[in-house]
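One-letter residues, chain by chain:
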Amino acid sequence: MSHNTFGKNLRFTSFGESHGSTIGCVLDGFPPGMAITPEEIKQQLIRRATGQSRHTSQRKEQDDVQIVSGVFEGVTTGHPIALIIENTDARSKDYTAIAKQIRPGHADFSYWKKYGVRDYRGGGRSSARETTMRVAAGALARKWLLENYRITITAWLAQLGDIKLAPGDLSRIDESPFFTGEIDRVPELDQYMDALRKSGDSVGARINACASHVPAGLGEPVYGKLDAELALAMMSINATKGVEIGAGFESVNQNGSVHRDEIIAGEFASNHAGGILAGVSTGQDITLSVAFKPTSSLRIPGQSIDTEGRAIEVVTKGRHDPCVGIRATPIVEAMMALVIMDHIMRHQAQTGSSNK
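Computed from a predicted model, the values in this text were never measured in an experiment.

Asks: For this particular structure, what's the right way to read the packing of aromatic side chains?
Replies: The geometry of an aromatic ring pair is captured by two quantities: the separation of the ring centres and the angle between the planes. Here the structure, examined in full by the defined rule, presents 3 aromatic pairs. Between the aromatic rings of Tyr 111 and Tyr 115, the centroid separation amounts to 5.8 Å while the plane-to-plane angle is 80°, which identifies the pairing as edge-to-face. Of this pair, Tyr 111 and Tyr 115 are both found in helix 2 (residues 108-115), 4 residues apart, which corresponds to roughly one turn of the helix. Looking at Tyr 111, the relative accessible area reads 28%, which means it is partly exposed. Both rings, one in Trp 144 and one in Tyr 149, keep their centres 5.8 Å apart while their planes meet at 40°; by these two values the pair is tilted. The pair Trp 144 / Tyr 149 is uniform in exposure class, with both members buried.

What follows is the structure, given as structure tokens:
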């Protein structure tokens, strides 16, 4: 079957393509009684949107979300919540020249081999445009988690190319186009991205994220581990090539006496496990890191083939992100919220405890 649905008790299904008339999602299993407005959802969509700075694709979508079911008089009803957004700034003609070309580094080759057809207009279903609906649904999950559990989720840019960034003041990440708390380093990042854009090349990014006030006991061993499903959620985001939970690959360099999180006077002395032991949350902050590959849509010529198998040279024109990872920050937050909320609901269903 086609896997366009994510989650167990809280089920998220998205539909639509980058250059189709509409994109949308259905969020099924969401509890009744929470107030929500389209304006609240759009606040998160604005954070994800392209065209917010010169460092992202200049496609400018209105992203006016319509709540078509599951909300009555401004309150969730417990029925499936359907959200749709019209695509208002798609330029399909930008892709006419590559209709029969296989762009290296894209989904073109793998989708073609799987389905025998492909939507060449901006990548179709494989486009980052699909993540808009994840952020829309994540806005509801984030509000529910905050109101019911005081859970807050924050993601930030930890690395841009070879530039590593400290968390800085995370309360200020929305003040810069880079989602960094190191506001004083924005001019350095601006200069780096300007030079990159002029070169016609792209670069990858690393996004770190933290969920605070998550209760202990969430997670379903053995095949529904919280960290495994967080990793699945992150790997499902376009351009993701790696996920770390807690210390991640740095665990290889640590001795067991260092990596184990000792408990002293009833408190954890460290958090190398990232707030999850044996797939179950410990009550500590849940921390993870996501690596995003460089964008493959480049003005720099690359070698590939066409749909007839002939050797060709590919140059991708149009509006593209020189670093797609920059605006992945709210997407990471949204997917983290959906997973944690789903696990809270699964925990309640099995144990009958809210575990607040």
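From this point, the narrative continues.
Asks: Explanation requested: the sheet that holds strand 4 (residues 66-69) in the structure shown.
Replies: Through backbone hydrogen bonds, the strands of a sheet pair up, either in parallel or in antiparallel fashion. Read from one edge of the open sheet, 5 strands run 1-2-3-7-4, paired in antiparallel fashion. With partners counted over all chains shown, the strands left at the sheet margins are strand 1 (5-6) and strand 4, one partner each. Across 2 bridges, strand 1 lies against strand 2 (residues 11-15) in antiparallel orientation. Across the sheet, residue Phe 6 finds its bridge partner in strand 2, namely Phe 12. Seen against the sheet, helix 3 (residues 131-149) touches strand 2, strand 3 (22-28) and strand 7 (81-86) and runs at an angle of roughly 140° to strand 7.

Asks: Before we go on, may I ask you to explain the nonpolar core in this structure?
Replies: It is characteristic of soluble globular proteins that their nonpolar side chains tend to be buried jointly. Grouped together as the largest cluster of nonpolar side chains are 71 residues, with contacts concentrated most on Val 332, Met 336 and Ile 340. Excluding residues within four positions of it along the chain, Met 336 makes contact with Ile 153, Ala 209, Cys 210, Ala 211, Leu 230, Met 234, Ile 286 and Leu 288.

Asks: Any chance you could explain the packing of helix 3 against helix 7 (residues 329-351) here in plain terms?
Replies: The relative placement of two packed helices comes down to the angle between their axes together with the axis-to-axis distance. In contact at an axis separation of 7 Å, helix 3 and helix 7 are set at 50° when each is read in the N-to-C sense. It follows that helix 3 is oblique to helix 7 by the angle criterion. Regarding helix 3 and helix 7, the two cross each other, and that crossing is left-handed. Counting all contacts with helix 3, which are made through Thr 131, Arg 134, Val 135, Ala 137, Gly 138, Ala 141, Arg 142, Trp 144, Leu 145 and Tyr 149, the residues of helix 7 involved are Pro 330, Ile 331, Glu 333, Ala 334, Met 335, Ala 337, Leu 338, Ile 340, Met 341, Ile 344 and Gln 348. Taken together, the residues that form the contact of helix 3 with helix 7 break down as 15 nonpolar, 3 polar and 3 charged.

Asks: How should unusual backbone geometry be read in this particular structure?
Replies: Leave glycine aside and you will find that most residues have negative phi; peptide bonds, for their part, are mostly trans. The omega angle of the peptide bond from Pro 221 to Val 222 is 0°, so this bond is cis rather than trans. At Arg 150, a position not held by glycine, the phi torsion is positive, near 60°. Of note, Arg 150 is situated in the loop between helix 3 and strand 8 (152-160).

Asks: How should the pattern of salt bridges be read in this particular structure?
Replies: In a structure, side chains of opposite charge can pair up when their charged atoms sit close to one another. Counted according to the given criterion, the structure contains 20 salt bridges. A salt bridge links Lys 143 to Glu 40, with the shortest nitrogen-to-oxygen separation between them at 2.8 Å. Placement of Lys 143 in helix 3 and of Glu 40 in helix 1 (residues 38-48) is noted, with a sequence separation of 103 residues between them. Residue class for Lys 143 comes out buried when judged on its relative accessible area of 19%. Here Asp 342 makes a salt bridge to Arg 346, at a shortest N to O gap of 3.0 Å. Separated by 4 residues within a single helix, Asp 342 and Arg 346 lie in helix 7, roughly one turn from each other. Each of the two residues, Asp 342 as well as Arg 346, counts as buried. Members of the salt-bridge network, linked through shared partners, are Lys 8, Glu 229, Asp 342 and Arg 346.

Rules and cut-offs
- Residues numbered from 1 in each chain as written.
- Predicted model: local features only at pLDDT ≥ 70, side-chain atom pairs only at ≥ 80, totals over all residues.
- Heavy atoms only, no water.
- Phe/Tyr/Trp six-rings, centres within 6.5 Å; stacked < 30°, edge-to-face > 60°.
- Helix = DSSP H or I, 4+ residues; strand = E, 2+ residues; numbered from the N terminus.
- Buried < 20%, exposed > 50% of the residue type's maximum accessible area, 1.4 Å probe, protein only.
- Pairing = 2+ DSSP bridges.
- Contact = heavy atoms within 4.5 Å.
- Axes fitted to C-alpha atoms, helices over the stretch in contact; angles between N-to-C directions.
- Core = buried A, V, L, I, M, F, W, Y, C linked by side-chain atoms within 4.5 Å.
- Parallel < 35°, antiparallel > 145°, perpendicular 65-115°, else oblique.
- Left-handed = near helix turned anticlockwise from the far one by under 90°.
- Nonpolar A, V, L, I, M, F, W, Y, C, P; charged D, E, K, R; others polar.
- Salt bridge = Lys/Arg side-chain N within 4 Å of Asp/Glu carboxyl O.

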